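# Results of the structural survey
As a plain string of letters, each chain reads:
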Amino acid sequence: MPIPILIHTVSGSPHSPEEICAAFLRTEEWSTFQGSGPLPGIRRAAFEVKTPGWTGSVIRVHNTDGSSHAEEITRWDPERGISIHFRNFASPVRHLATHFTEDWHFLRTAGGTEVTRTMTMYPRHWLGALLLRPISRLMKQAFEAHNRKLAEG
């Protein structure tokens, strides 16, 4: 099994962790993720499943290139962070990766919150690992741009 690919960003936000989590739940705002270069952005997102306490909730994401995938909330702790499991990718990503995970860790600061955002991509095979490398660089650029938008809004 190939080694997972890791993307890591750290950014500041004037918002509290609870405000960041509340914004995350407003799926109508997910289109602020605009991608990077050929990496698509999000056209729209909506809950397919909502659970009490949010863990286990599933969000269907429709991308600007016509593809879609599901994101399941696997950890919901509005004070410390959240985790999301990406699955059910459309082609070609489904042939390259089994799944992605994304973790948001929050640290309160005098000016708001430091947000550490980490995505781990799990390639299916060596070719997937090779092709996901440039995608991971685009994803990091997209995260950095998205982090700036989240800090503004």
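Everything here concerns the structure above.
The structure presented is a predicted model; accordingly, all values stated were derived computationally and were not measured.

A cis geometry characterises the amide bond from Ser91 onward to Pro92, with omega recorded as 5 degrees. Within the secondary structure, Pro92 sits in the loop between β5 (81-87) and α2 (93-96). Its identity as a non-glycine residue notwithstanding, Trp54 has a phi of 75 degrees, on the positive side. The residue Trp54 is located in the loop between β2 (42-49) and β3 (58-63) in this model.

So, on to the side chain of Ser11. Residue position: Ser11 is located in strand β1 (residues 5-13). In this view, Ser11 contacts Thr113, Glu114, Val115 and Asn147; residues no more than four positions away in its chain are not counted.

Here we take up the environment of Asp65. Note that Asp65 resides in the loop between β3 and β4 (68-77). The exposure class of Asp65 is exposed, given its relative accessible area of 51%. For the pair formed by Asp65 and Pro40, sequence separation is 25 residues and the distance between their alpha carbons is 5.8 Å. Polar contacts involving the side chain of Asp65 include one to the side chain of Ser67, which spans 2.6 Å.

The next subject is the sheet that holds strand β6 (residues 97-109). Ordered in space as β1-β7-β6-β5-β4-β3-β2, the seven strands form an open sheet in which the pairing is antiparallel. Two strands in the sheet have a free side with no partner beyond their single neighbour: β1 and β2. Along the sheet, successive strands turn relative to each other by an average axial angle of 20 degrees, direction set aside. Across seven bridges, β4 lies against β5 in antiparallel orientation. What sits directly across from Glu71, in β5, is Phe86. Strands in contact with helix α3 (residues 126-152) are β1, β6 and β7 (112-123); relative to β1, the strand with the most contacts, it is inclined by about 10 degrees.

All right, on to the packing of aromatic side chains then. Applying the stated criterion across every chain, the model contains eight aromatic pairs. Where Phe24 meets Trp76, the ring centres are 6.0 Å apart and the plane angle is 45 degrees; that geometry is what we call tilted. Of this pair, Phe24 sits in helix α1 (residues 17-25) while Trp76 sits in strand β4, placing them 52 residues apart in sequence. Each member of the pair, Phe24 together with Trp76, is buried. An aromatic cluster is defined as three or more aromatic residues linked by ring pairs; in this entry it consists of Phe24, Trp30, Phe47, Trp54, Trp76 and Trp104.

Parameters and conventions
Every chain's residues receive numbers from 1 upward, in the order its sequence appears when written. Whole-chain, interface and lining totals are the exception, using all residues; otherwise, since this is a predicted model, local features are given only for residues with pLDDT of at least 70 and side-chain atom pairs are given and counted only at 80 or more. Water and hydrogen atoms play no part in the side-chain values, which are based on all heavy atoms of the structure. By the criteria applied, helices consist of DSSP H or I runs no shorter than four residues and strands consist of E runs no shorter than two, each listed in order from the N terminus. Whether two residues are in contact is decided by their heavy atoms: any pair within 4.5 Å suffices. Burial here depends on accessible area, computed with a 1.4 Å probe over protein chains only, as a share of the maximum for the residue type. Under 20% is buried, over 50% is exposed, and the range in between is partly exposed. Pairing of N or O atoms within 3.5 Å defines a polar contact, subject to two protein rules: one partner must be a possible hydrogen donor and the other a possible acceptor, and residues neighboring in sequence count only if both atoms are side-chain atoms. In short, DSSP must find at least two bridges between two strands for them to pair. Fitted lines through C-alpha atoms give the axes, limited to the stretch in contact for helices. The angle between two N-to-C directions lies from 0 to 180 degrees. Classification of ring pairs uses Phe, Tyr and Trp, with its six-membered ring standing for Trp, and accepts pairs whose centres are within 6.5 Å; under 30 degrees between planes counts as stacked, over 60 as edge-to-face, and the remaining range as tilted.

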